[in-house]
Every structure is written in C-alpha cells, then in structure tokens.
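A look at the structure
Chain by chain, the residues:
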Amino acid sequence: MEAAVPQQPAAAAAPVAPARVIEPKAAADTVVMIADDSKVVRVKTNRLLVNNQFQVAMAEDGLDAMKQIAARMPDVLITDVEMPGMNGFELTRHVRENPLTAHIPVIMISAEESYQTKAADAGVDVLLGKPYSDAVMLDHIQRFMRQGRG
C-alpha cells in the first residue's frame, strides 16, 4: 500500500515577483522620433519638443525611421501618414510586428479624418488631425510617459 503524498497547490510552489513600480519618465530622458517628409513640419515639431526638454530624433520617411529605430529606440513615435517609400501606416505596422518595438506609443498626424479605422487597425495609439494644438500633442506624450509606456 502506497502512502499518499500531500499535494501542494501550484501557486504556493512558485515565488511571486514583486509588483513592478512604474516610474514616469522625465522629458529630458524621453526620446521622441518625428517621421515626416516635410522639413517644415519636422523643424516646427522639433522646436516644440526641444523647448519642452524632450530629446528628438528626426526621420525623413518611414524607411529612415525604421533604420533609426534599430539604432536608437525612441520612447514615442510621431508619424505623418503620407510619406514616400514607407507611409505612416506601414511604419506603424512594422513597429507593432516587432516584439522589441511593439510597446512604442505611436501618434499619427493626418488631415484626413476618415483614417480613424485604418489607423486603429495599424496600431496607432492617437490620431491627431491637422492642424493640432501644441498643448494636445504634449499632453499625449506626457500621458504615455506617466503610464510608463515608451
């Protein structure tokens, strides 16, 4: 006759990891990438971000953005929709498909309001219409940083 071995619940056997405390990132520690084929837009957005203490990386299109992301991971990506080579939807899908970059919040800028569904399907977090207010853009970036995203 075999002796019954007391069974321990599985949950008790595995140590529980402490809850991760998410510290909001400071603007000075936050890298925001601007992917836009318009030099005027890149310069204007760069000025806004730098004046608010953010680090900025600028890409001329989606392909340039992908190369730069591979070299230096941004905390937030701001992208235009219409760009040569790789548009903003394709860029966002590439970012979302890569496990190393899938966490990056994506803000898309578009004059076309009908892109809402297409943007959501691609994985865009925020679609801002043109023109957008600087305060709204900064609010979204700061919200992502408070959430520990990026």
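In short, a report on the structure. (Residues numbered from 1 in each chain as written. Predicted model: local features only at pLDDT ≥ 70, side-chain atom pairs only at ≥ 80, totals over all residues. Heavy atoms only, no water.)

**Here we look at helix H2 (residues 39–51)**
Every α-helix winds through 3.6 residues per turn, so residues three or four apart in the chain are directed the same way. With 13 residues, H2 ought to run about 18 Å at 1.5 Å a step, and its terminal C-alpha atoms sit 18 Å apart, in line with that. By the burial criterion, the buried members of H2 are Arg-42, Thr-45, Leu-48 and Leu-49. Within H2, the buried residues cover an arc of 135 degrees as seen down the axis, which keeps them to one side. What points out from H2, more than 90 degrees from its buried face, is the exposed set Lys-39, Val-40 and Asn-51. Those residues of H2 that are buried lie in contact with strand E1 (31–35), strand E2 (55–59), strand E3 (76–80) and helix H6 (134–146). (Helix = DSSP H or I, 4+ residues; strand = E, 2+ residues; numbered from the N terminus. Expected span 1.5 Å × (residues − 1). Buried < 20%, exposed > 50% of the residue type's maximum accessible area, 1.4 Å probe, protein only. Arc of directions from axis to C-beta. Contact = heavy atoms within 4.5 Å.)

**Description of the sheet that holds strand E5 (residues 126–129)**
Two orientations exist for strands paired in a sheet by backbone hydrogen bonds: parallel and antiparallel. Read across the open sheet, the five strands follow the order E2-E1-E3-E4-E5; overall the sheet is parallel. Whereas interior strands pair on both sides, the edge strands pair on one side only; in this sheet they are E2 and E5. Neighbour-to-neighbour, the strand axes of the sheet open up by a mean angle of 20 degrees, direction not taken into account. For E1 and E2, the ladder comprises five bridges, and the chain directions are parallel. Across the sheet, the residue bridging to Ile-34 is Met-58, located in E2. Set on the sheet, helix H4 (residues 88–97) makes contact with E1, E3 and strand E4 (106–110); between it and E3 the angle comes to about 155 degrees. (Pairing = 2+ DSSP bridges. Axes fitted to C-alpha atoms, helices over the stretch in contact; angles between N-to-C directions.)

**Structural notes on the packing of H2 against H6**
The interhelical angle for the contact between H2 and H6, taken along N-to-C directions, is 60 degrees, at an axis separation of 11 Å. Taken together, the axis directions place H2 and H6 in an arrangement best described as oblique. The chirality of how H2 crosses H6 is right-handed. In this structure, H2 uses Lys-44, Leu-48 and Leu-49 to contact H6, whose residues at the interface are Asp-134, Met-137, Leu-138 and Ile-141. Residue composition of the contact of H2 with H6, grouped by class: five nonpolar, no polar and two charged. (Parallel < 35°, antiparallel > 145°, perpendicular 65-115°, else oblique. Left-handed = near helix turned anticlockwise from the far one by under 90°. Nonpolar A, V, L, I, M, F, W, Y, C, P; charged D, E, K, R; others polar.)

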